[in-house]
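Letter by letter, the chains look like this.
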Amino acid sequence: MKCKALFTALAGTFIEYYDYALYGFTASLISAHFFPQNDPIVSLIQTFGIFAFGSCAKPLGALIFSKLGDIFGRRRSLQVTMLGIAIPTTIIGAVPGYETWGWFSPLILLLCRITQGLFVAGEYDGVIIYMLEHISKKRACFGSSLVGLASMLGIGVASLAAAVVQREQTSDFFWRLPFLLGGVLGAIILYFRQYLDETPEYKAYKASLPFPVDVGLRRFLNRNGRGVVCTILVCGAVGGCYHFYMIFWGTYLSEILQIVSPEQASFAMSISVFTLALISPFAGLVADRVGIEKTLRAATLALILMAILNGIMVWLK
């Protein structure tokens, strides 16, 4: 029963990150449909600007759903997050473009991305908590890495879908199919998530108290301020790097530098993302064995080295 619950939770993360990343991988197609084409580069910048607004909504979403998860339970929170990202994905795939609706189209696009940002933050953190409250504390890093594995697989499949529609696009409707498919898959996962069981820790917490205790944000920060700041810095650095390389880098190489074609860039990104997905569980096992701090230091040094090498390669081009 536990394995089925964990698989359902992870499947939802796969779908949510597929939906979320699909926008970035199809940015060139979206810019062509949702913005005026007087200057394609400006349209592309506007498209990524909307992506940035959606990302900025993530911290707020994490705060909101952390509260909802503590009050109403992990299961209910995961149901809501699935609904909140599947609907905007479907709308993106269905809403008419700029030529039909004018500036209403990018406005709807912006609202959809902000909504996705809010809900995807609650999804990722909620699933990690759901995993950690089901498995042994000795395997905490490995359990967390499985959530990373599911999200990276979703991003990788989104990249492959983008490569297909960029190569085989035959009509205005064809590029919308991956978005509509994401909405359908989200509805399926939402159905199965109604059968999720609450975590043992949350059940014990609810049974031991007549009502949820709210320690307050200020008291929480006073007790854990240093750890919160360190976590924000680490997650911000990692999130910024992987958003840059996985979402923006391919479009930059194909549309701005024009070194590769869009489909070649998407396939290359797919290989990178799937490689990261395969490494994630291994990194989790290593962290459980040698410690989180040593693993983070080694990974950070490797990330800095790769960033420098990428910069040198672009400069040489």
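A few points on the structure. (Residues numbered from 1 in each chain as written. Predicted model: local features only at pLDDT ≥ 70, side-chain atom pairs only at ≥ 80, totals over all residues. Heavy atoms only, no water.)

With 15 residues, helix H4 (residues 58–72) extends 20 Å from end C-alpha to end C-alpha; this agrees with the ideal 21 Å at 1.5 Å per step. Here H4 has its buried residues at Lys58, Gly61, Phe65 and Gly69. In a view along the axis of H4, the buried residues occupy a sector of 60°, so they form one face of it. Residues of H4 that are exposed and angled more than 90 degrees away from the buried face: Pro59 and Leu63. Two residues or fewer past H4, glycine 73 is found with a positive phi of approximately 110°. (Helix = DSSP H or I, 4+ residues; strand = E, 2+ residues; numbered from the N terminus. Expected span 1.5 Å × (residues − 1). Buried < 20%, exposed > 50% of the residue type's maximum accessible area, 1.4 Å probe, protein only. Arc of directions from axis to C-beta.)

Formed by 41 residues in total, the largest nonpolar core has its most connected members in Phe25, Ile30, Phe34, Leu109 and Ile155. In terms of residue count, helix H1 (residues 2–25) provides more of this core than any other element does, nine residues in total. In contact with isoleucine 155, not counting residues within four places along its chain, are Tyr17, Tyr18, Ala21, Phe25, Tyr242 and Val273. Counting residues in each nonpolar core, the second largest holds twelve residues, with Ala5, Ala9, Val127 and Val147 among its members. (Core = buried A, V, L, I, M, F, W, Y, C linked by side-chain atoms within 4.5 Å. Contact = heavy atoms within 4.5 Å.)

Here the focus is the side chain of threonine 81. Looking at where threonine 81 falls in the secondary structure, it is placed in helix H5 (residues 74–94). Reaching out from threonine 81, the side chain makes a polar contact with the backbone oxygen of leucine 78 at a distance of 3.0 Å. Aside from chain neighbours lying at most four places away, what touches threonine 81 is Glu16, Phe65, Phe119, Gly122, Glu123 and Arg193. (Polar contact = N/O pair within 3.5 Å; in protein donor to acceptor, adjacent residues only side chain to side chain.)

Let's shift gears to the packing of aromatic side chains. The description of an aromatic ring pair rests on the distance of the ring centres and on the angle between the ring planes. Scanning all chains against the criterion turns up eleven aromatic pairs. With 5.8 Å between their ring centres and 45° between their planes, tyrosine 20 and phenylalanine 51 make a pair best called tilted. Of this pair, tyrosine 20 sits in helix H1 while phenylalanine 51 sits in helix H3 (residues 40–56), and the two are 31 residues apart along the sequence. Here tyrosine 20 falls in the buried class, since its relative accessible area comes to 3%. In this structure phenylalanine 51 comes out as buried when scored by relative accessible area, which is 7%. Among the aromatic residues, ring-to-ring pairing joins Tyr17, Tyr20, Tyr23, Phe51 and Tyr124 into one connected group. Directly above the ring of tyrosine 20 sits arginine 113, whose terminal nitrogen or CZ lies 4.4 Å from the centroid. (Phe/Tyr/Trp six-rings, centres within 6.5 Å; stacked < 30°, edge-to-face > 60°. Lys NZ or Arg CZ within 6 Å of the ring centre and 35° of its normal.)

Among the secondary structure elements, histidine 134 is positioned in the loop between helix H7 (104–132) and helix H8 (140–168). On the basis of relative accessible area, histidine 134 is assigned to the buried category, the value being 11%. A sequence separation of 132 residues divides histidine 134 from serine 266, and the C-alpha atoms of the two residues are 36 Å apart.

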